[in-house]
Amino acid sequence: LLFAKSASPHHGFAAYYTYLEKIFEADAVLHFGTHGSLEFMPGKQVGMSGTCYPDRLINSLPSAYLYAANNPSEATIAKRRSYSATVSYLTPPAENAGLYKGLKELKELISSYQGLRENEARGPAIINSIVSTAWTCNLDKDIADLPNLEGYDAKNDSQERRDDIAGKVYAQIMQIESRLLPCGLHTVGVPPSAEEAIATLVNIAQLDRPDDKIEGIPRVIASSVGREINEVYRGNNQGILTDVELNEKIVQASRAAVRALVLQSTDSNGRVKEVKNFFDEAGGFFGNLIGAKKPWTQAIIDAGFPEVSDERLAPVFTYLEFCLKQVVANNELPGIMELLNGQFLMPAPGGDPIRNPDVLPTGRNMHALDPSSIPTQAAVEVAEDVVRKLIEKLADENDGKYPESIAFTLWGTDNIKTYGESLAQVLALAGVRPVADSLGRVNKVELIPLEELGRPRIDVVVSCSGVFRDLFINQMNLMDRGIKLAAEADEPLDQNFVRKHAIEQAEELNVSIREAACRVFSNSAGSYSANVGLAIENGGWEDESQLQEQFLTRKGFAFNADKPGMMEQQADLFKSALKTVDVTFQNLDSSEISITDVSHYYDSDPTKVVAGLRDDKKKPMSLMADTTTANAQVRTLSETVRLDARTKLLNPKFYEGMLSTGYEGVREIQKRLRNTLGWSATAGEVDNFVFEDANQVFIDDPEMQQRLLDTNPNAFRDMVTTFLEANGRGYWETSDENIERLQELYAEVEDRIEGV
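It should be emphasised that the depicted structure is a prediction, and the values quoted were computed from it without experimental measurement. (Residues numbered from 1 in each chain as written. Predicted model: local features only at pLDDT ≥ 70, side-chain atom pairs only at ≥ 80, totals over all residues. Heavy atoms only, no water.)

Student: Please explain the overall build of the protein as it appears in this structure.
Tutor: Secondary structure summary: the protein contains 34 helices and 17 strands in total. With respect to the principal axes defined by its C-alpha atoms, the protein has extents near 75 × 75 × 65 Å. Within the span of the protein, comprising 756 residues, buried residues form 56% of the whole. In the protein, 72% of the contacts between residues at least 6 apart in sequence involve partners at least 24 apart. With the model as given, the accessible surface of the protein reaches about 31300 Å², and the carbon-plus-sulfur share is 50%. (Helix = DSSP H or I, 4+ residues; strand = E, 2+ residues; numbered from the N terminus. Buried < 20%, exposed > 50% of the residue type's maximum accessible area, 1.4 Å probe, protein only. Contact = heavy atoms within 4.5 Å. Areas by Shrake-Rupley, 256 points an atom, 1.4 Å probe, with all protein chains shown as cover.)

Student: How should the packing of aromatic side chains be read in this particular structure?
Tutor: Given two aromatic rings, their pairing is described by the distance between the two centres and the angle made by the two planes. For the coordinates displayed, the defined rule picks out 15 aromatic pairs. Measuring from ring centre to ring centre gives 6.5 Å for Phe 691 and Trp 732, while their planes differ by 35°; the resulting arrangement is tilted. With Phe 691 in helix H31 (residues 688-700) and Trp 732 in the loop between helix H33 (713-728) and helix H34 (736-754), this residue pair connects regions lying 41 residues apart in the sequence. Assigned by exposure class, Phe 691 and Trp 732 land together as buried. In textbook terms, an aromatic cluster arises when at least three aromatic residues are bridged by ring pairs, as seen for Phe 13, Tyr 16 and Tyr 17. (Phe/Tyr/Trp six-rings, centres within 6.5 Å; stacked < 30°, edge-to-face > 60°.)

Student: Which parts of the structure should I look at to understand the nonpolar core?
Tutor: The nonpolar side chains of a soluble globular protein tend to be buried with one another. Ile 130, Val 169, Leu 578, Trp 679, Phe 698 and Phe 716 are the most contacted members of the largest nonpolar core, which totals 96 residues. With 52 residues, the next largest nonpolar core counts Ala 368, Ile 416, Leu 423 and Met 479 among its residues. (Core = buried A, V, L, I, M, F, W, Y, C linked by side-chain atoms within 4.5 Å.)

Student: Where do I start with the pattern of salt bridges in this structure?
Tutor: The tally for this structure, following the rule as stated, stands at 57 salt bridges. Of the charged contacts in the structure, one is a salt bridge between Arg 672 and Asp 597, with a shortest N-O distance of 2.7 Å. Taken together, the positions of Arg 672 in helix H30 (residues 663-682) and Asp 597 in the loop between strand S15 (583-588) and helix H26 (600-603) put the pair 75 residues apart, joining distant regions of the chain. Residue Asp 597 is classed as buried on the basis of its relative accessible area of 4%. If you follow the salt bridges from partner to partner, you end up with Asp 480, Lys 484, Glu 488, Arg 514 and Asp 562 in one network. (Salt bridge = Lys/Arg side-chain N within 4 Å of Asp/Glu carboxyl O.)

Student: I would appreciate a short explanation of the side chain of Arg 499 in the present structure.
Tutor: Checked against the element boundaries, Arg 499 lands in helix H21 (residues 497-509). The buried charged residue Arg 499 lacks any salt bridge, with Asp 490 as its nearest oppositely charged partner at 4.9 Å. Those residues within four positions of Arg 499 in sequence are excluded, and the remaining contacts are Ala 486, Ala 487, Glu 488, Ala 489, Glu 491, Leu 493 and Ile 513. (Lys, Arg positive; Asp, Glu negative; His and termini not counted.)

Student: Would you mind going over a nonpolar patch on the surface with me for this structure?
Tutor: On the surface, a cluster of nonpolar side chains totalling about 480 Å² of accessible area is made up of Tyr 16, Tyr 19, Ile 23 and Phe 24. When you line up the elements, Tyr 16 lands in helix H1 (residues 11-23). (Patch = residues over 30% accessible without salt bridge, like charges linked within 9 Å, V, L, I, M, F, W, Y side chains within 5 Å.)

Function-wise, these values are silent; they only describe arrangement.
Rendered as structure tokens:
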């Protein structure tokens, strides 16, 4: 109810703010953490008046708001609607997810195979073990041509085929192990330790920054052995054993080099108090005098790359030294105190600290970006690369045929962090180019000629989040104009699917082609989310059709550049556009928030909605673009859910880290289980083994069961309920014994909570 556009806040909520101002007579309020409810109360989107609830509640109280540095879009809503000064805080440091159980065993087997691959007796025997263990770990879902267990013997295979199997399994293992995992929770005012700083800097170091003339460490290392890093990534993704090995070696060398840099400034307590400057004149003079290699160069040489260039590494390590100073700066509590003392707090951009280290140090007054400047040229280039990979993947899996229509979800935060990458993807699919004026403002679009495009124009149906609508109304205008430009282009229908569908919909709905080409949809003004996530979280939905109807009702408001400033309910047009969709698509741009961390991703996923609307009732293919690392990839949704489950929900490193934080940690684990159920409900892309393995980890183990129960009985009860609901709704097939145990457990936990 707190987020319902039509519902005023309940009495307790309203009375508390009145009490703080009138009775307690607070000098200021500090809103702590991301995010509250005040800024999402009913009222206008911007320019609050006395009748808007955020204005009436905060009234004359100065508001300081401690906000996550990686969420500038919602921080902007807090500024606009609750008049808050937002003080940024650092997100938890990310580490590699690591391996466990059978996955760890697989890595050891592959390591053995690398040494014995040419041994005609041992090599095939190890491959047999790799195949068997891969099946046990359910990797058959990710490796299409993994040999069947029955009757397979690697002795009868060629050396090339054995290498191919080992390479593909190794690529999957490395993908899981290197996945970034936010560890634990951030403590305000405690800067990262040296180890945590290394984890952050390794991620900063892998990206090229052409605007600053900085090459990422992996590119410099790869070129020292005569390879281009993107070729290595491509071979790694295809499971070519030599490239998977080289990529892993480059990753380890990069980590060793960054560790060498940080250790120069680390004290005996494992913290960085003062960063030593290796690039000042004195440091450079003495280093050159004795002809010594820099510590990080030596670390890369020791890792097996003797030809690496000290000179080419200098720009990236100068930059990393600067970033290290920013990462360990302790400005958060002083920043809050400056605000509470009525002093000026320096502004700073918000966003992903890995992509844009200017976000650091935290503890400053966070802002977003100039909306008229996106998409930037760099974002357009990255977007074109992702679109190429997306179309290649779809054409490969569909006998060379292009998809006719793709349903897209756009998020406010993602577009701020990436400077409009996903917005540029929408335009690229339709064969439209954004054009900036002399001041860098992107306010025009032009059609890319079909000869230059080299493929048909793909139709897009865009569902924008409420926050995107608030922040990027001009970009919605840009998309609408671009898509209508494509729809009105006099081109063959087999080369312009936008026009093809617009003509069909114009006839069906008895409107003009231009009106039928409306493809940009969102909530009505002042309304947020499809509330599908809310229904799944409280379990109060009867069947999937209820969720789908809710999505269509709340998201069916069209943006029309010909009637700017209005969001008109166009449910029929929305349904008609979705009916033609072949693929649903979302972007993952940050390692901090993945698809089971929050409900937003599945809340806005239209996969089953499209299946229900299509004439053939066929479920569209669901894809996710993962641009969280330099090696951007396009995966199926089911692959992404499996990867997320293996690196988080089922990973001891993750759940033990959460349990170490106590009460809140159990709630975080339960939240991910509930969000996994959400993907079953909206997309049907969750494998049975995910629920089965989660049940083994959290329910089958009596010791784990007791820990969860003692730490947070309410969250544990919700976990048991989620398992029972997954089975009851047909998303998880399991033994009667498991269900009986869960039912007994539910009764026990209820009694414990009620004090019986």
